[in-house]
Amino acid sequence: MRLLGVRETPLSIDEVFAAVSAPGAGGIAVFAGTVRDNDHARAVTGLSYSAHPTVEQQLRAVMEKVAADHPVIGLAAVHRVGDLRIGDIAVIVAASSAHRAEAFAAGRRLIDDLKAQVPIWKHQTFADGGDEWVGAC
């Protein structure tokens, strides 16, 4: 694990890419999740993420499991909390490995497990005046 964090400040793809770069990395897979303007055919006007106080420990555990199961050189994951606007980057994960297939597999597993297991919640507001809370990530 080269970088992990949960922050209120904007995220940088360059920072995450640099964190997993290495001379032996023949493949680096980077995923960035952004705030979209719709969800289930409803117009989204904004959202806010909040996290449990143990969020970084949970994220570390997810990353350790991915590293144990995949031949990675480096892993990185950062997630925003607080109020975000449409188009803002909410999460970035990256995995590097000697080969692209392993990097893709580890990156996919990292984002999927982060969304399923790390205690981050999304509160969406809609153009129709409604709102909803969505489970982890």
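These numbers come from a predicted model, not from an experiment.

Tallying secondary structure elements over the protein chain gives three helices and nine strands in all. Here the C-alpha atoms of the protein chain give a radius of gyration of 15 Å, agreeing with the 14 Å that 2.2 N^0.38 yields for 137 residues. Reported as C-alpha extents along the three principal axes, the dimensions of the protein chain are approximately 50 × 25 × 25 Å. Counting only residues that meet the buried cut, the protein chain has 42% of its 137 residues in that class. A fraction of 70% describes how many contacts in the protein chain between residues 6 or more apart in sequence connect residues 24 or more apart. Accessible surface, the protein chain: about 7000 Å² in total, of which carbon and sulfur atoms supply 52%. Treating the 13 positive side-chain charges of the protein chain as one cloud and the 16 negative ones as another, the clouds have centres 5 Å apart.

All right, on to the packing of helix α2 (residues 55–69) against helix α3 (residues 100–117) then. One can describe the packing of α2 onto α3 by two numbers: an axis separation of 10 Å at closest approach and a directional angle of 150°. As the angle between them shows, α2 and α3 are arranged roughly antiparallel. When you trace α2 past α3, the crossing you get is right-handed. Contacts from Gln 58, Leu 59, Val 62, Met 63, Lys 65, Val 66 and Asp 69 of α2 reach α3 at Ala 106, Arg 109, Leu 110, Asp 113, Leu 114 and Gln 117. Its residues assigned to classes, the contact of α2 with α3 shows seven nonpolar, two polar and four charged.

All right, on to the packing of aromatic side chains then. Here a ring pair, both rings aromatic, is described through the centre-centre distance and the interplanar angle of the planes. For the coordinates displayed, the defined rule picks out zero aromatic pairs. Over the ring of Phe 126 we find Arg 42; its NZ or CZ atom is 3.8 Å from the centre of that ring.

Turning our attention to the layout of surface pockets. Within this model, the largest pocket holds a volume of roughly 390 Å³. Phe 31, Gly 33, Val 91, Ile 111 and Lys 115 are the residues nearest the centre of the largest pocket, which is lined by 22 residues in total. For the lining of the largest pocket, the secondary structure elements donating two or more residues are β2 (27–34), β4 (42–51), β7 (89–97), α3 and β8 (120–126). Of all the elements, α3 adds the most residues to the lining of the largest pocket, at six residues. Looking at side-chain class alone, the lining of the largest pocket contains 13 nonpolar, five polar and four charged residues.

The next thing to look at is the pattern of salt bridges. Side-chain pairs of opposite charge can arise where the charged atoms are in close proximity. Tallied over the entire structure, the rule returns seven salt bridges. We note a salt bridge from Asp 69 to Arg 109, for which the minimum N-O separation is 2.9 Å. Remark: Arg 109 occurs in helix α3 and Asp 69 occurs in helix α2; sequence separation between them is 40 residues. Here the salt bridges share partners, and the residues they tie into one network are Lys 65, Asp 69, Arg 109 and Asp 113.

Each value, and the rule that gives it
Residues numbered from 1 in each chain as written. Predicted model: local features only at pLDDT ≥ 70, side-chain atom pairs only at ≥ 80, totals over all residues. Heavy atoms only, no water. Helix = DSSP H or I, 4+ residues; strand = E, 2+ residues; numbered from the N terminus. Rg over C-alpha atoms; globule rule 2.2 N^0.38 Å. Buried < 20%, exposed > 50% of the residue type's maximum accessible area, 1.4 Å probe, protein only. Contact = heavy atoms within 4.5 Å. Areas by Shrake-Rupley, 256 points an atom, 1.4 Å probe, with all protein chains shown as cover. Lys, Arg positive; Asp, Glu negative; His and termini not counted. Charge placed at Lys NZ, Arg CZ, Asp CG, Glu CD. Axes fitted to C-alpha atoms, helices over the stretch in contact; angles between N-to-C directions. Parallel < 35°, antiparallel > 145°, perpendicular 65-115°, else oblique. Left-handed = near helix turned anticlockwise from the far one by under 90°. Nonpolar A, V, L, I, M, F, W, Y, C, P; charged D, E, K, R; others polar. Phe/Tyr/Trp six-rings, centres within 6.5 Å; stacked < 30°, edge-to-face > 60°. Lys NZ or Arg CZ within 6 Å of the ring centre and 35° of its normal. 1 Å grid on protein atoms, 1.4 Å probe; cavity = no way out; pocket = protein on both sides within 12 Å on 5 of 7 lines; lining within 4 Å. Points joined across faces, edges and corners; volume = space filled by probe spheres on them. Salt bridge = Lys/Arg side-chain N within 4 Å of Asp/Glu carboxyl O.

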